[in-house]
Amino acid sequence: MEQIIKDAFVSKQSVCMPMEPMSRHTSFRIGGPAELFVCPAVEEDLAEVLRICRESRVLWRILGNGSNLLVSDKGCEGVVISTEQLSGLGVNGNLLRAGAGQLLGRAAHLALEHSLTGMEFAAGIPGSAGGALVMNAGAYGSEMKDILKSARVMTGEGRILDLPAGDLELGYRTSCIPSRGYIVLEAVYELRPGDRGAIEERMRELAARRREKQPLEYPSAGSTFKRPQGYFAGKLIEDAGLRGYQVGGAQVSEKHCGFVINKDHATAGHVMELCSHIRKTVKEISGVELEMEVKRWGEF
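Owing to the predicted nature of the structure, the values given are computational and were not obtained by experimental measurement. (Residues numbered from 1 in each chain as written. Predicted model: local features only at pLDDT ≥ 70, side-chain atom pairs only at ≥ 80, totals over all residues. Heavy atoms only, no water.)

Draft legend 1. View of the UniProt feature "domain: FAD-binding PCMH-type" (unreviewed entry) in the chain. When the UniProt feature table is mapped onto this chain numbering, "domain: FAD-binding PCMH-type" (unreviewed entry) sits at residues 29-194. Annotated as residues 29-194, this span is 18% helix and 35% strand, and its ends, taken at the C-alpha atoms, are 38 Å apart. (UniProt positions renumbered as here; feature names shortened; annotations may be inferred. Helix = DSSP H or I, 4+ residues; strand = E, 2+ residues; numbered from the N terminus.)

Below, the structure written as structure tokens:
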């Protein structure tokens, strides 16, 4: 299949590699090899990869920046399609367009350059525009749905749709994108004119809060668990006496208990064993059932 896909590419920049370690493509820095790793440079190549997978009945998965993902130590079967090269970025009036592979931080800084406000909360989120849309990423009281105007997506059959934000069913860390088999190509954000100094100050303030409260010095996948209604996952974990608790190289962060970190060459197995212990202990002590926010690929 590797050669078939390579022969179908129209862009020389598109990439296709067998047995690519996923530890190179996740913020956890954990994960075995993808059976086949593909990074299309243009939408036509993406559509061709989907066609080949569909006709060959091969499983495919979409990878953004890998910042909310844990891949099994055994790796994952099928084709992993990275949107990294679909990273266009531009401003037209109050509208900011970002390709699926574009980093949110870069998009937020472009908004700053054009004195557009509304995207300051996203400056420190380590994900891509596509991944952030799939899970309606948010921080500090704001979410993607607050600024999203529309999205350009591709169906599993290669058809391109332009959809208003309201059609994406954006909720708390969820959307209809996975269930409908959509692949995000581009997000369009509707921002507001603002004072550049105030925007920059707000971004500095949020960055300082992140550095103070989050374990940015270690690889992680961000908040490991979803926020239970009426509670904070980090507080429940701390109250369960699990601050600093470690399994192998995986640890509950001592700085913020809502983060499981790769402290010392952790494996996916270490992370999952630790998460299972956290969920069991929190349930026993508080009666609250924690749900993982981090997505998992492969066998655990």
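There's more to say after this.
Draft legend 2. The UniProt feature "active site" (unreviewed entry) in the chain, seen in detail. Mapped onto this numbering, the UniProt entry gives "active site" (unreviewed entry) at Arg173, Ser223 and Glu293. Across 121 residues of sequence, these annotated residues stay compact in space, with a maximum C-alpha separation of 11.4 Å. Note on placement: arginine 173 falls in the loop between β12 (160-164) and β13 (183-190). Classification of arginine 173 as buried rests on a relative accessible area of 14%. With near-sequence residues (within four places) excluded, arginine 173 lies in contact with Met135, Asn136, Ala137, Gly138, Glu143 and Glu293. In terms of polar contacts, arginine 173 uses its side chain to reach the backbone carbonyl oxygen of asparagine 136, at 3.3 Å. Tracing the backbone shows glutamate 293 in the loop between α7 (268-286) and β19 (295-297). Excluding residues that lie within four positions of it along the chain, glutamate 293 makes contacts with Asn68, Met135, Tyr172, Arg173, Ser223, Thr224, Phe225 and Lys226. (Buried < 20%, exposed > 50% of the residue type's maximum accessible area, 1.4 Å probe, protein only. Contact = heavy atoms within 4.5 Å. Polar contact = N/O pair within 3.5 Å; in protein donor to acceptor, adjacent residues only side chain to side chain.)

Draft legend 3. Spatial organisation of the environment of isoleucine 147. With respect to the helices, strands and loops of the structure, isoleucine 147 is situated in the loop between β10 (142-143) and β11 (148-154). On a C-alpha basis, the gap between isoleucine 147 and alanine 100 in space is 16 Å, while along the polypeptide they are 47 residues apart. What isoleucine 147 contacts, discounting residues up to four positions off in sequence, is Gly118, Met119, Phe121, Val188, Tyr189, Glu190 and Leu191.

Draft legend 4. Looking closely at unusual backbone geometry. Of note in the backbone geometry, methionine 19 takes a positive phi value of approximately 50° without being a glycine. Relative to the elements of secondary structure, methionine 19 occurs in strand β1 (residues 15-21). Phi is positive for asparagine 136, which is not a glycine, with a value near 45°. If you trace the backbone, asparagine 136 turns up in the loop between α4 (129-134) and β9 (138-139).

Draft legend 5. Looking closely at helix α2 (residues 43-56). Taking 1.5 Å per residue, 14 residues should reach 20 Å; α2 reaches 20 Å between its end C-alpha atoms and fits that length. Arginine 57, located one to two residues past α2, shows a positive phi value of around 55°. (Expected span 1.5 Å × (residues − 1).)

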